[in-house]
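# Breakdown of the fold
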Amino acid sequence: MVGSKMGFALHPHVKEGLRIPEIAKAFLALGASLAKRLGAISVVWQPAALQTDTDYFVEVVDSYSSGGVFPVLPIIDFVFDENGHILRSNGLGLLCGQEFELQSDTMDRQDMIRRAIRLAHDMATNGAVADEQNVPDIDPDKVIHLAPGASGALLQCRVKSKTGQIVTLG
């Protein structure tokens, strides 16, 4: 049973400040420090409705603060559609103003999640994708085609072979 809880957020006048990687890094570091010093049993990241063990949260945020990768797993949720063919990010918009949707009819969930973690890291640290483009995939023979929607709030992502064919992995 929870005896007490504490939360903090940026002031509404600077609510989009988390879109600046340096501010997001400092905000996460402050949260990790408070959780550790106050002996929290868990950390809840409300924008994505995720709850994480405090030790893990502190570890990944400390690593990020020291030049490591963005702490995707305790910050960004990944939600599959009912058929498991579409994976959508949840909570990334707070950090870059854009969520993404990765689609595959035959790629297994683990392969989709690996790609989603990489995409989330890139977008959280480099910002939203403004232009249609191909970026390298985990598999060196493939690329991920990125196509922002008309409003820019949703990025469509498809894995393709380097020759332009959409790839069905399985």
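Computed from a prediction, not measured in an experiment: that's the story for all the values here.

## A few points about unusual backbone geometry
Of note, the phi angle at Ala49 is positive, near 55 degrees, even though the residue is not glycine. Along the chain, Ala49 falls in the loop between strand 1 (42–45) and strand 2 (50–53). The class for Ala49 is exposed, based on a relative accessible area of 65%.

## Examining the sheet that holds strand 5 (residues 99–103)
With mixed pairing, six strands are arranged side by side in an open sheet as 3-4-5-8-7-6. Two strands bound the open sheet, and with one partner strand each, they are strand 3 (77–80) and strand 6 (133–136). Taken over all neighbouring pairs, the strand axes of this sheet differ in orientation by 30 degrees on average, direction set aside. Both strand 6 and strand 7 (residues 142–148) contribute to a ladder of four bridges, which runs antiparallel. The residue of strand 7 that forms the bridge with Pro136 is Val143. Here helix 5 (residues 109–126) sits on the sheet in contact with strand 3, strand 4 (86–90), strand 5, strand 6, strand 7 and strand 8 (154–161), set at roughly 155 degrees to strand 5.

## Topic: the environment of Val159
Here Val159 shows up in strand 8. Separated by 22 residues in the primary sequence, Val159 and Asp137 place their C-alpha atoms 7.4 Å from one another.

## Some remarks on the packing of aromatic side chains
Tallied over the full model, the rule gives four aromatic pairs. On the numbers, 4.8 Å between centres and 50 degrees between planes, the contact of Phe8 with Phe27 is tilted. One end of the pair, Phe8, is in the segment before helix 1 (21–37); the other, Phe27, is in helix 1, with 19 residues separating them in the sequence. Here the aromatic rings of Phe78 and Phe100 are separated by 6.2 Å at their centres, their planes lie at 45 degrees, and the arrangement is tilted. Taken together, the residues Phe78 in strand 3 and Phe100 in strand 5 connect sequence positions 22 residues apart. For Phe100, a relative accessible area of 0% corresponds to the buried category. Among the aromatic side chains, those forming a connected cluster through ring pairs are Phe8, Phe27 and Trp45. Positioned above the aromatic ring of Tyr64 is the side chain of Lys25, whose terminal nitrogen or guanidinium carbon lies 4.7 Å from the ring centre. The positively charged end of Arg109 is found above the aromatic ring belonging to Phe80, 4.3 Å away from the centroid.

## Let's talk about the pattern of salt bridges
Taken as a whole and judged by the stated rule, the model has five salt bridges. A salt bridge links Arg115 to Asp137; the shortest N-O distance between them is 2.8 Å. With Arg115 in helix 5 and Asp137 in the loop between strand 6 and strand 7, the pair connects residues that are 22 residues apart, well separated along the chain. Of the charged contacts in the structure, one is a salt bridge between Lys142 and Asp139, with a shortest N-O distance of 2.7 Å.

So, how was this worked out
- Residues numbered from 1 in each chain as written.
- Predicted model: local features only at pLDDT ≥ 70, side-chain atom pairs only at ≥ 80, totals over all residues.
- Heavy atoms only, no water.
- Helix = DSSP H or I, 4+ residues; strand = E, 2+ residues; numbered from the N terminus.
- Buried < 20%, exposed > 50% of the residue type's maximum accessible area, 1.4 Å probe, protein only.
- Pairing = 2+ DSSP bridges.
- Axes fitted to C-alpha atoms, helices over the stretch in contact; angles between N-to-C directions.
- Contact = heavy atoms within 4.5 Å.
- Phe/Tyr/Trp six-rings, centres within 6.5 Å; stacked < 30°, edge-to-face > 60°.
- Lys NZ or Arg CZ within 6 Å of the ring centre and 35° of its normal.
- Salt bridge = Lys/Arg side-chain N within 4 Å of Asp/Glu carboxyl O.

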